[in-house]
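# Fold and geometry: a report
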Amino acid sequence: MVVGFIPSCLSLSQQPCLSNYVSKHIPIPSTKHKRGVRTVCITRPQVARSSRQDAVGVRVFVLSDLHTDYAENMKWVKSLSTVDHRMDVLLVAGDVAETYNNFILTMSILKDRFEYVFFVPGNHDLWCRREDQDYLNSLEKLNKLIDACRTLGVEINPKAIENLGIVPLFSWYHESFDKEKDIPNIRVPSLEMACKDFYACKWPRELSSGDASLALQELCPEKRMLFYPKLPKIIGSDCLEHRIRSIHGAKGGGSACHVFGHTHFCWDAVVNGIRYVQAPLAYPRERKKRMNGGENWLPFCIYSQGKFSDKISPCYWSDYYSLNPRTPHNTELAPWVSRFYNRT
């Protein structure tokens, strides 16, 4: 989703996909390993919530990867205040729930808590397994979700609220997005094996997950840092990046922001003049490993009192790259990754 302010703009999108295999292999660098990585701050100070009394004008909160098919996550959604956000905007950057019933329940709860809720679909939202209804394909399910959003009053189209323009962008990944050099001489499971989209999503015959019709690699750790080095092939597309730039301008600006979901990494960085933010609830097992989880500071307030909030501090990987340059041509696996792979 692109979220933008008039004359600036905010956008929103989901950058699918994370399979169970990939999500179990998200790296959290251990302080035991010093080689190949600089140690950065690994404790998250509490993020202060904006109080309704102090806020002037519209407040915008962001959230992604709710995955409310997990009972713990649904419980968290139900625990959101029924009072604090009555005049606020919530941007939901995909992966609400796999099943239609949980999607409806989740979005109904959110719409009851917030004045405005914006939504873009993620890959899990389009899965066609575990459903009471037998969808012909993922496009049919997408249309069903869109109809549900219209019935619930959830926004899926661009809208101006006060001096803020919010532009939802529907997108899908493409393998050509990956521009970094592959890690040689190791056996990595294929995308079809690692990513459930290839069988949980059902596309009409004229479409496939590999179609180019279906954004920034700087928004993911380098391949050598990932337990699944092929992850960058299934998280974005050049087409999406072009659309973001067409909205914000080639050089971006101080009021240009893009909110995204999908990779489950907390992220807050400015790339070529556009601020990119990801604030995922993620899976319960991931929150247990994450700094201060997320239950107490999500959803994250990105805009309040007529301006963007200060940077989320810290988001481990975006903070890491604020101190260390990317070295995409370095194919030496990080120490915490290399022990999982044998050289061929």
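Residues numbered from 1 in each chain as written. Predicted model: local features only at pLDDT ≥ 70, side-chain atom pairs only at ≥ 80, totals over all residues. Heavy atoms only, no water.

Under the annotation held in an unreviewed UniProt entry, the protein carries the name Calcineurin-like phosphoesterase domain, apaH type and is attributed to Parasponia andersonii.

Here we come to the overall build of the protein. Regarding its fold elements, the protein presents ten helices and twelve strands. A burial count over the protein gives 58% of its 344 residues as buried. Surface summary for the protein: the accessible area is close to 14700 Å², and the carbon and sulfur share equals 52%. (Helix = DSSP H or I, 4+ residues; strand = E, 2+ residues; numbered from the N terminus. Buried < 20%, exposed > 50% of the residue type's maximum accessible area, 1.4 Å probe, protein only. Areas by Shrake-Rupley, 256 points an atom, 1.4 Å probe, with all protein chains shown as cover.)

With that settled, the discussion passes to the confidence of the model for the protein. Residue-level pLDDT values for the protein average 81, and 80% of them are 70 or greater. For the protein, helix α1 (residues 20-24) is the element with the lowest average pLDDT, namely 31, and helix α2 (residues 71-78) is the one with the highest, namely 98. Throughout residues 1-8 the model reports pLDDT below 50, and contacts reaching past four residues in sequence, or to other chains, amount to 60 contacts. (pLDDT = per-residue confidence, 0-100. Contact = heavy atoms within 4.5 Å.)

Attention now goes to the packing of helix α3 (residues 100-113) against helix α4 (residues 138-152). Where α3 meets α4, the axes come as close as 11 Å, and the angle between the chain directions of the two elements is 25 degrees. Comparing the axis directions of α3 and α4 gives the class roughly parallel. In the crossing of α3 with α4, the sense of the turn from one axis to the other is right-handed. Taking contact as the criterion, the partners of Y100, F103, I104, M107, S108 and K111 in α3 are, on α4, K141, K144, L145, A148, C149 and L152. Across the contact of α3 with α4, the residue classes break down as eight nonpolar, one polar and three charged. (Axes fitted to C-alpha atoms, helices over the stretch in contact; angles between N-to-C directions. Parallel < 35°, antiparallel > 145°, perpendicular 65-115°, else oblique. Left-handed = near helix turned anticlockwise from the far one by under 90°. Nonpolar A, V, L, I, M, F, W, Y, C, P; charged D, E, K, R; others polar.)

Moving on, we get to the nonpolar core. In this structure, L66, L91, L110, F119, I302 and W317 are the most contacted members of the largest nonpolar core, which totals 100 residues. Apart from the residues within four sequence positions on either side, I302 is in contact with V60, F61, V62, C257, R275, V277, K307, F308 and S309. (Core = buried A, V, L, I, M, F, W, Y, C linked by side-chain atoms within 4.5 Å.)

Time to look at the side chain of K141. Along the chain, K141 falls in helix α4. Within polar-contact distance, the side chain of K141 engages the backbone oxygen of D125 at 3.2 Å. (Polar contact = N/O pair within 3.5 Å; in protein donor to acceptor, adjacent residues only side chain to side chain.)

Before going further, it helps to spend a moment on the environment of A256. By the secondary structure assignment, A256 is in the loop between α7 (238-248) and β8 (257-261). With twelve residues separating them along the chain, A256 and I244 place their C-alpha atoms 9.8 Å apart.

A few words on the pairing of strand β10 (residues 274-278). In terms of residue burial, β10 counts as a mostly covered element, since five of its five residues are buried. Alternating positions in β10 separate into two faces, I274, Y276 and Q278 on one and R275 and V277 on the other, with burial throughout. For β8 and β10, the ladder comprises three bridges, and the chain directions are parallel. Among the inter-strand pairings, C257 is bridged to a residue of β10, identified as R275. Pairing geometry for strand β9 (residues 267-271) and β10, over five bridges, is antiparallel. When the sheet's bridge partners are listed, D268 is paired in β10 with V277. Between β9 and β10, which pair antiparallel and follow one another directly, the connecting turn spans two residues, one of which, N272, has a positive phi of 50 degrees. (Pairing = 2+ DSSP bridges.)

A few words now on the packing of α2 against α3. In a packed pair of helices, the relevant descriptors are the angle between the two axes and the axis-to-axis distance. The geometry of α2 relative to α3 is characterised by a closest axis approach of 10 Å and an angle of 20 degrees between their N-to-C directions. Considered as vectors, α2 and α3 are oriented roughly parallel to each other. The handedness of the crossing between α2 and α3 is left-handed. Across the interface between the two elements, M74, V77 and K78 from α2 touch N102, L105, T106, I109, L110 and R113 from α3. Residues belonging to the contact of α2 with α3 are distributed by class as follows: five nonpolar, two polar and two charged.

A few words now on the pattern of salt bridges. All told, the structure shown has 15 salt bridges when counted by the stated rule. Residue E241 is joined to R245 by a salt bridge in which the shortest nitrogen-to-oxygen separation is 3.0 Å. On the criterion of helical spacing, the pair formed by E241 and R245 is a turn pair, its members being four residues apart in helix α7. Classification of E241 as buried rests on a relative accessible area of 11%. We note a salt bridge from D268 to R275, for which the minimum N-O separation is 2.8 Å. This pair shows no difference in class: D268 is buried, exactly as R275 is. (Salt bridge = Lys/Arg side-chain N within 4 Å of Asp/Glu carboxyl O.)

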